[in-house]
Amino acid sequence: MSTVKELMEKDPEAAVAKFSKDCECLKLSKGAHDKLISMFKSAFLPGASEKIEIDWAKVHPLTDEEMFPYDKLPEPANPAELLNQVIYVKLNGGLGTTMGCTCPKSLVVCHHGATFFDIVCDQLKDFNKRYNVNIPLVLMHSFYTDDLMKPVLAKLEGLEVHTFLQNRFPRIYEDNWEPVPNSPDCPNSMWNPPGHADVYHCLRDSGLLDKFIAQGKKYMMVSNIDNLGSRLDLKVLNKLIT
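Residue indices begin from 1 for each chain and proceed along its sequence in written order. For this predicted model, a pLDDT threshold of at least 70 governs which residues receive local features, and a threshold of 80 or more governs which side-chain atom pairs are given and counted, while totals over whole chains, interfaces and linings are taken from all residues. Only hydrogens and water are set aside when side-chain values are computed; all heavy atoms of the structure are taken into account.

Student: Is there a simple way to explain the packing of aromatic side chains in this structure?
Tutor: The criterion for an aromatic pair is that two Phe, Tyr or Trp rings (for Trp, the six-membered ring) have centres within 6.5 Å, with stacked assigned to planes under 30 degrees apart, edge-to-face to planes over 60 apart and tilted to the rest. The full count for this structure, using the stated rule, is five aromatic pairs. With a centroid separation of 4.4 Å and 40° between ring planes, the pair formed by Phe44 and Trp177 is classed as tilted. Separated by 133 residues along the polypeptide, Phe44 in helix α3 (residues 30-44) and Trp177 in the loop between β6 (169-170) and β7 (191-192) bring together distant segments of the chain. Note on exposure labels: buried denotes an accessible area under 20% of the residue type's maximum, exposed denotes more than 50%, and partly exposed covers the range between, all computed with a 1.4 Å probe on protein chains only. Overall, the relative accessible area of 22% leaves Phe44 in the partly exposed class. A ring pair is formed by Phe143 and Tyr144, whose centres lie 4.4 Å apart and whose planes are at 40°; its orientation type is tilted. Taken together, the ring pairs connect Phe19, Phe40, Phe44 and Trp177 into an aromatic cluster. The lysine or arginine in question, Lys235, covers the ring of Tyr70, its NZ or CZ lying 4.2 Å from the ring centre. Under the DSSP-based scheme used, a helix requires at least four consecutive residues in state H or I and a strand at least two consecutive residues in state E, with every element numbered from the N terminus. For a ring to carry a charge above it, either NZ of a lysine or CZ of an arginine must fall within 6 Å of the ring centroid while also lying within 35 degrees of the normal to the ring plane.

Student: Honestly, the environment of Pro170 in this entry has me stumped. Any pointers?
Tutor: Relative to the elements of secondary structure, Pro170 occurs in strand β6. With relative accessibility at 3%, the residue Pro170 sits in the buried group. Spatially, the C-alpha atoms of Pro170 and Asn182 are 9.0 Å apart, while their sequence positions differ by twelve residues. Contacts are residue-level and defined by heavy atoms, with any inter-residue pair within 4.5 Å sufficient. Beyond its immediate stretch of four places on either side in the chain, Pro170 contacts Cys23, Leu26, Leu36, Pro179, Pro181, Met190, Trp191 and Asn192.

Student: What is the right way to read the sheet that holds strand β1 (residues 86-92) from this model?
Tutor: The pairing of strands in a sheet happens through backbone hydrogen bonds and is either parallel or antiparallel. By this definition, two strands are paired if DSSP reports at least two bridges between them. An order of β5-β4-β1-β8 is seen for the four strands of this open sheet, with the pairing classed as parallel. A single partner strand is all that each edge strand has here, and the edge strands are β5 (161-165) and β8 (219-224). Strand-to-strand twist in this sheet, taken as the mean axis angle between neighbours without regard to direction, amounts to 25°. As defined by bridge partners, β1 adjoins strand β4 (residues 137-141) across five bridges and the pair is classed as parallel. The residue of β4 that forms the bridge with Asn92 is His141. All axes are obtained by fitting lines to C-alpha atoms, using only the stretch in contact for helices, and the reported angles, taken between N-to-C directions, cover 0 to 180 degrees. Along the sheet, helix α7 (residues 198-205) contacts β1, β4, β5 and β8; its crossing angle with β5, the most-contacted strand, is approximately 110°.

Read these as spatial facts, not as claims about activity.
Below, the structure is given as C-alpha cells:
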C-alpha cells in the first residue's frame, strides 16, 4: 500500500483521505480532527502555499487619523462596568525547557521568590480589589502542563480560575507523512500542541465561551503566562469598547 507521501504525488485527495482515516483511531474531537486535516492540507497539498497572496495595493502606513496616541486616550468614567465584561486569558501550555526546567514555564521562579504564575495572580487580584470587580483568570493548558498545574491551582485562593485544554495533534513521520501515534494512549512524545491560535477553537469547544457570554462577558485579553508586561489597561479597553 502506498504511503500518504507517495499518494500525494499521484492523487492528493486520496492522500488526504488516507491521512484522515489513519487519524480516526486517535479519537480526536470532531473540531480537533477537522482542524488537523485543514492544517495538513495547508502544509502538504501541492501548491497550497502558492495560493496565499497579499494584495500590496491595500498595504500602507497608518495615517494620523488611524493612530491614537496613548497619552491622549481618555480614562473611562465607568471602569468597573467595563472590567466586568472582560476575561483574562493566559496561555499556560509551555514547559520551561529553554530555561533548563521540566516544570510548566509559569512555575519558574523569576523575581524575589515569586513565579510567573504568582505575579500574574497578584496583578489580577490587585485589579479586582482596586475596582471591586471579579475578572476571571482563564488558563489554556496543554497536555504537558494540565496535571502539573492541578496541585498549584488547588492551593490558590481569592481568584476565580477556569482552565481548558488546547488540542493535541499527532506528530507526523518525515519519510511518509503519516501519524506517529496509533492510539489515544500513546506517550506525550508522540504528540504536539498546535500553537497559540488554538485558543479560539478550544475556548469554544470547552463550553467556557458560552458560559462567559451568558455572564455578559464581551472581551478577552490574551497573552503568554510569562509576559508580565501584558496587563489590563483601562485606557486601551475604553478605546476598544467605545
